[in-house]
Every structure is written in structure tokens, then in C-alpha cells.
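# Results of the structural survey
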Amino acid sequence: MHDITNFRYYSIFKIYVNNKVSYKDINKKRISMNKFGLLFVILSLQTPLFAQKQLTLQDCRNLAIANNKQLKIGSEQVNKAEAEKRVAYSQYFPNISFTGSYLRNQKNISLLDSDRHLPIGTVMPDGSFGFTPSQVNNQWTEIGGNPVPLDANGQAFNPKEHPDKILWKEHTIIPKSEFDMDIKNVWAGSLSLIQPIYMGGKIRAYNQIANYANQLAESMNVSNLQEVMLKTDETYWQIISLENKYQLCESYVQLLQKMSGDVENLIEEGFATKADGLSVRVKLNEAEINQTKVENGLVLSKMLLCQLCGLELDEEIQLEDENVKDFPTSSSFPEIDMIGAFNSRPELRSLHLAKQIFEKKETIVKSEHLPTIAFAANYLVTNPNSFNGFHNDFGGMWNVGILVNIPIFHWGETHYKLKAAKTETRIKQLELDEAKEKISLQIKQTSFKSKEAYQKLLASTKNKESAEENLRYANLGFEEGIIPIFNVMEAQTIWVKAHSELIDAQVEIKLSEVYLNKALGKLDK
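Not measured: the values here are computed from a predicted model. (Residues numbered from 1 in each chain as written. Predicted model: local features only at pLDDT ≥ 70, side-chain atom pairs only at ≥ 80, totals over all residues. Heavy atoms only, no water.)

Moving on, we come to the overall build of the chain. Scanning the chain from N- to C-terminus turns up eleven helices and 14 strands. Residues classed as buried in the chain amount to 34% of the 525 residues present. In the chain, the share of contacts with a sequence separation of at least 24, taken over all contacts with a separation of at least 6, comes to 81%. Of the roughly 32000 Å² that the chain leaves accessible, carbon and sulfur atoms contribute 56%. (Helix = DSSP H or I, 4+ residues; strand = E, 2+ residues; numbered from the N terminus. Buried < 20%, exposed > 50% of the residue type's maximum accessible area, 1.4 Å probe, protein only. Contact = heavy atoms within 4.5 Å. Areas by Shrake-Rupley, 256 points an atom, 1.4 Å probe, with all protein chains shown as cover.)

Take a look at the structure:
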């Protein structure tokens, strides 16, 4: 920037010398320009800055983390996994439930279709039901010295084999109404308790899966957190780069505008050609176009950062490092610890947890081969009371028992389920191995890029110094009239390119640090 200002003064000196203006007038012109420039800087630093939001890199990270929707979803996923973990743990305890019902029936139940008449007999000495001759109307005869009854046709019969041929003298009645049960209003209830005793290891496996799922949700949330921070850092440093390039473009445009005016004066005095003026204007147009592109990119990048931070897209923000020209860098690089990186990377932790979950699913499938045992206790209550002649009152009873289920044969269903579960576990193991290989490659690549960025910074710094010296000599030559305008513009272009590359190198150093920390799993709040 200092060299550009010097070049302006050299151009003024050249024009005024050609027009035979005194050094005193030139000095007055420089003083007035300095005053104008100082006034312009003071005015430019006034009110707009008070309306802008000042943000550091850590501020941007905190805002992005607080307002990112995916991170909020991840937090809810963690809460969900924690609740499911508690659900799985509850399976160790007895399941107590109550079931109640009420039915309104149209009709009652009757066990008899009509009144019944039962014969009146005698209980024999052997305890059987029988009769005496005085209790029946049958005729009798003797066969082999024993009395035998005759039926209505006078044929002898055995009363035990043909009781329907007995002609009873007396009967008793069973009324149909006494066997009618009132079930129009039926109430029923059951209080049950089931305590698992042995479920083939299924409950324990479910609890382990729930615990792994909870850790997996936390690990995925950490992975999302690192992605948000990486995106925020990238956008932050992109804005810093564009802000510095915009200032560079602005200075370059002002320089070319001043040079264009100087060349026009030289053309009028006959010290330059119209071709020189056209060349300067072409360069000026190109610089203005580049300035517009950089300005548009800067505006869009700030809008993206506002969106990441949860701010209004059109909110005015100013970043802490916008006006920093030389970022502190270090030539030392962190030691690469692959084992530590593998333990720190949330992606590998997530894959490892997923593999453990599928291993426990194998246990669940295996449990389907094993018997299950549970203790059960119930209390049943009904109205009408089935324990008291179906009277319209409540009556109940309790029962306890052991429930056992032993699988015997299911046409190979469990075998193929186990085979599928083992295949899923092997797939997760292969994905884990592949991820380790890719992460190892990523760490090495980011390490090399960090070293390349440092070497690029050194080279860009030297190029900038050379470009500044080259511009200084071009200005002196132009002042003495021994270097044409074309060479001066070429020196200006080289100077601008060197400064632009230095800005890129400085920002690349910062981003390479972010990428390396991300690869090593050390990117945190």
C-alpha cells in the first residue's frame, strides 16, 4: 500500500515537471492530498462501524453451534436414545397390568329349554341310584329266582341297560327359570403380574444395544458439531480473504484511476500516445470488474456466515481479523498420532458402536433358540359371580404359575436370521476398516498440505518483497522517463498478484490448521 502511494506521488511529480511546475507547488499538492486522505479515512470509520456487529472466530462458532438445526436435532436424538435406554432397563422388572371390561347383552343364558321332571328313586347300599318295586309301576316276573321288571309290552329288561323303560310312580320338577343366568350386565377384571426369569439373554442384549445406541447418538452429534465448526471456520477465513482482496482491488482501482488521469495529461502535452491511454483504461476496466466480483463474493460470504450463525442475512457484521495484514503462523507442525486420531474421530467411534450393536443383535437372534421362563400371577373378578351361582355381585380368585416356552422346530427360520445378523456384523467391520484406511490417508494428506501451505507462505512473502522492489524501480524509471507506461502497469499487475497470493497463502495456513485438527479429531469448542 505504501508503494502504491509513492507511485501516485511519482506520477504527480512527472506530470508537474513536464508542465514546468515548481517543487513547492508539488509539495502543497501532496499536503492537500494527505489532508484529504486523512479526512476520508476519519469519515469512513464513523457511524457504519457502530451499526456493525463485531464478531470473533469464537463468537461465530458459538453462534453457529447455538443456532444450527442439525445440532438441535442431534441433541433430541440423544434425548431419545436416553429414553429408549431407560425403556430397555425396565424390562428387568415385573410387568403389572389391569384389564377391565363391561358388556351389555341382549339376552340371558338358560341352561334348560323347559322344566325338567326327575324320577324319585332310592340310593342303594352300594351308593348307586336305583328303585324299589313300590316306586315303579312296572310288572315283575321271576327269572332264575330273581325279580325282573317288565316293560309296557310285557318284555323283561335290565333297568341298568334300559332305564328309559322304567315306569316311575313319582317325579320331582326342576324349573327352567332356576337355570336362567342374568348376564345382561357383565363386569370383568383381571390384575396380572408377569416377571421374566430367563429370556435367553434377550433382555440383557436389549439393554446393551440401548446403551450403545445412546453413545452412538452422542458420537454422531459430536461429528455434526465438528462439521458445523469446520464450515464456520471456512466461511470466516473466506470472508477475511475476500475483505483483504477487496481492499487490494480498491487501492488498485484508485491507482489506475489516478494513472489514467495522469496519462491523459501526458497525452495532451505530447509525452504519451492515445494507445497508452487506452491501455490504462483497459486495465482500469478489468480492475473494476474484478473489484465488483470480489465485492459480490464478499457480500454472499457474509450472508452465508450470518445464516450459519442464525443472524439476519442482511445484518451488518465485521470480523475481528478483517484488518489484520499478517497472521501469526508457526513453522512447527503437530506430531501425527494415528492411534490417538482413531480414538478421537467420532466417525470411527460411531462405526465401532454400530458394529457392537449388530453383535448384540446376534445374541437376540440366538435367544430365539433358547427356552424362556416367566413367573405369572393373576387375580380375576367377575359380575355376575361365577363362583356363587352367577348372582349379581362381584366374586374373584387368584392364581399363580410358571410360563415356559421351548422352541422346537421352525423350519430353519432362526438359523437364517442368525446368518443374516452375522453378515450385517461383518459388513460393519469392513466399513470400520475402510474408514480407518481413508482417515489415515486424510491425515497424511492434510499434514502434507499444511507443510505445502507454509512453504507457499514463505514463497509468497518473498514474491511480495520482489514485486514491491520491482514496482519501486518501475516508478523511478517512469519518473526519469526511461520506462514506458506499459512496463509500469506490468509492475503494478505483478504487485497486485503477489499481494493476492500472499493473502491466499495466509488464509490457507489458517485453514490447513483447521483441516489438520479436524482430521486428528481435535476440532472442538
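For the rest of this paragraph, the subject is the side chain of Ser301. Checked against the element boundaries, Ser301 lands in helix α7 (residues 274-309). Exposure remark for Ser301: the relative accessible area of 6% places this residue in the buried category. Filtering out sequence-adjacent residues up to four positions away, Ser301 remains in contact with Thr235, Gln238, Ile239 and Leu242.

Moving on, we get to the nonpolar core. Tyr252, Met259, Val263, Val280, Ile485 and Trp495 are the most contacted members of the largest nonpolar core, which totals 23 residues. Of all elements in the fold, only α6 (202-269), α7, α10 (413-480) and α11 (485-519) reach the threshold of two or more residues within this core. No other element matches α6, which puts eight residues into this core. In this structure, Leu55, Cys60, Cys249 and Val294 belong to the second largest nonpolar core, which totals 20 residues. (Core = buried A, V, L, I, M, F, W, Y, C linked by side-chain atoms within 4.5 Å.)

Turning to α6, a few remarks are in order. Along an α-helix, residues three or four positions apart point the same way, because every turn accommodates 3.6 residues. For α6, built from 68 residues, the straight-helix expectation of 100 Å at 1.5 Å per residue is met to within 8% by its first-to-last C-alpha distance of 99 Å. Where α6 ends, the next residue or the one after it, Gly270, has phi of about 85 degrees, a positive value. (Expected span 1.5 Å × (residues − 1).)

Okay, the sheet that holds strand β13 (residues 372-383) next. Two modes of strand pairing occur in sheets, parallel and antiparallel, and in both the strands are linked by backbone hydrogen bonds. If you walk across this open sheet you meet the four strands as β2-β11-β13-β14, and the pairing is antiparallel. Edge positions in the sheet fall to β2 (95-104) and β14 (395-405), since each has one partner strand and no second. Each adjacent strand pair in this sheet contributes to an overall mean axis angle of 15 degrees, direction not counted. Note: strand β11 (residues 185-198) against β13, eleven bridges, orientation antiparallel. Within β13, the position partnered with Ser190 by the bridge is Leu380. (Pairing = 2+ DSSP bridges. Axes fitted to C-alpha atoms, helices over the stretch in contact; angles between N-to-C directions.)

Below, the discussion takes up the packing of α6 against α11. Think of two packed helices as two axes; the pair is described by the angle between the axes and how far apart they sit. Axis separation between α6 and α11 bottoms out at 10 Å; the angle between their running directions is 170 degrees. Classified by the angle their axes make, α6 and α11 are roughly antiparallel. Its residues placed into classes, the contact of α6 with α11 shows 18 nonpolar, seven polar and seven charged. (Parallel < 35°, antiparallel > 145°, perpendicular 65-115°, else oblique. Nonpolar A, V, L, I, M, F, W, Y, C, P; charged D, E, K, R; others polar.)

Our focus in this paragraph is the environment of Ala377. With respect to the helices and strands, the residue Ala377 is situated in strand β13. On the basis of relative accessibility, which here comes to 17%, the residue Ala377 falls in the buried class. Along the sequence, Ala377 and Gln195 sit 182 residues apart, while their C-alpha atoms lie 8.8 Å from each other. Once residues lying within four places of it in the same chain are set aside, the contact partners of Ala377 are Leu191, Ser192, Leu193, Asn399 and Val400.

Counting through the fold element by element, Glu362 comes out in helix α9 (residues 346-367). Buried within the structure, Glu362 lacks any salt-bridge partner; Lys366 is the closest side chain of opposite charge, at an N-O distance of 4.7 Å. (Lys, Arg positive; Asp, Glu negative; His and termini not counted. Salt bridge = Lys/Arg side-chain N within 4 Å of Asp/Glu carboxyl O.)

What follows deals with a nonpolar patch on the surface. Together, Ile197, Tyr198, Leu370, Ile402, Val404, Ile406, Ile408, Phe409 and Trp411 make up an exposed nonpolar region whose accessible area comes to about 1100 Å². Mapped onto the secondary structure, Val404 falls in strand β14. Under the relative-accessibility criterion, Val404 is labelled exposed at 51%. (Patch = residues over 30% accessible without salt bridge, like charges linked within 9 Å, V, L, I, M, F, W, Y side chains within 5 Å.)

What follows deals with unusual backbone geometry. Keep in mind that most residues, glycine aside, have a negative phi and that most peptide bonds are trans. For the bond running from Asn383 to Pro384, omega is 10 degrees, close enough to zero to count as cis. You can see Pro384 is positioned in the loop between β13 and β14. We note that Trp411 has phi near 60 degrees; this positive angle belongs to a residue other than glycine. Tracing the backbone through its elements, the reader meets Trp411 in the loop between β14 and α10.

This brings us to the confidence of the model for the chain. Taken over all residues, the pLDDT of the chain has a mean of 83, while the share at 70 or more is 88%. When mean pLDDT is compared element by element in the chain, β13 scores highest at 94, while helix α1 (residues 2-18) scores lowest at 36. For residues 1-50, every residue scores under 50 in pLDDT, and the model assigns this stretch 46 contacts once sequence neighbours within four places are set aside. (pLDDT = per-residue confidence, 0-100.)

Closest axis-to-axis distance for the α9/α10 pair is 9 Å, and the angle between their directions is 170 degrees. By the angle class used here, α9 and α10 are roughly antiparallel.

As for its placement among the helices and strands, Leu418 is situated in helix α10. In this structure, the C-alpha to C-alpha distance between Leu418 and Lys366, residues 52 residues apart in sequence, is 6.8 Å. The residues touching Leu418, leaving out its near neighbours within four places in the chain, are Glu362, Val365 and Lys366.

Along the chain, Glu347 falls in helix α9. Taking the C-alpha atoms as reference, Glu347 lies 7.3 Å from Met220; in sequence the two are 127 residues apart. At 3.5 Å, the side chain of Glu347 and the side chain of Lys518 are in polar contact. (Polar contact = N/O pair within 3.5 Å; in protein donor to acceptor, adjacent residues only side chain to side chain.)

Now for the packing of aromatic side chains. All chains considered together, the criterion is met by five aromatic pairs. Ring centres of Tyr89 and Phe93 lie 5.5 Å apart, and the angle between their planes is 75 degrees; on these two criteria the pair is classed as edge-to-face. Between Tyr236 and Trp237, the ring centres sit 5.2 Å apart and the planes meet at 85 degrees, which makes this aromatic pair edge-to-face. Here Tyr236 matches Trp237 in class, with each residue buried. (Phe/Tyr/Trp six-rings, centres within 6.5 Å; stacked < 30°, edge-to-face > 60°.)

So, about a positive patch on the surface. Side chains of Lys366, Lys419, Lys422 and Arg426 sit close together on the surface and give a patch of like positive charge. With three residues, α10 is the single largest residue contributor to the positive patch. Counting through the fold element by element, Lys422 comes out in helix α10. For Lys422, a relative accessible area of 34% corresponds to the partly exposed category. (Charge placed at Lys NZ, Arg CZ, Asp CG, Glu CD.)

In this model α7 runs 52 Å from its N-terminal to its C-terminal C-alpha over 36 residues, within 8% of the 52 Å that 1.5 Å per residue would give. One or two steps after α7, the chain reaches Gly310, where phi turns positive at roughly 80 degrees.

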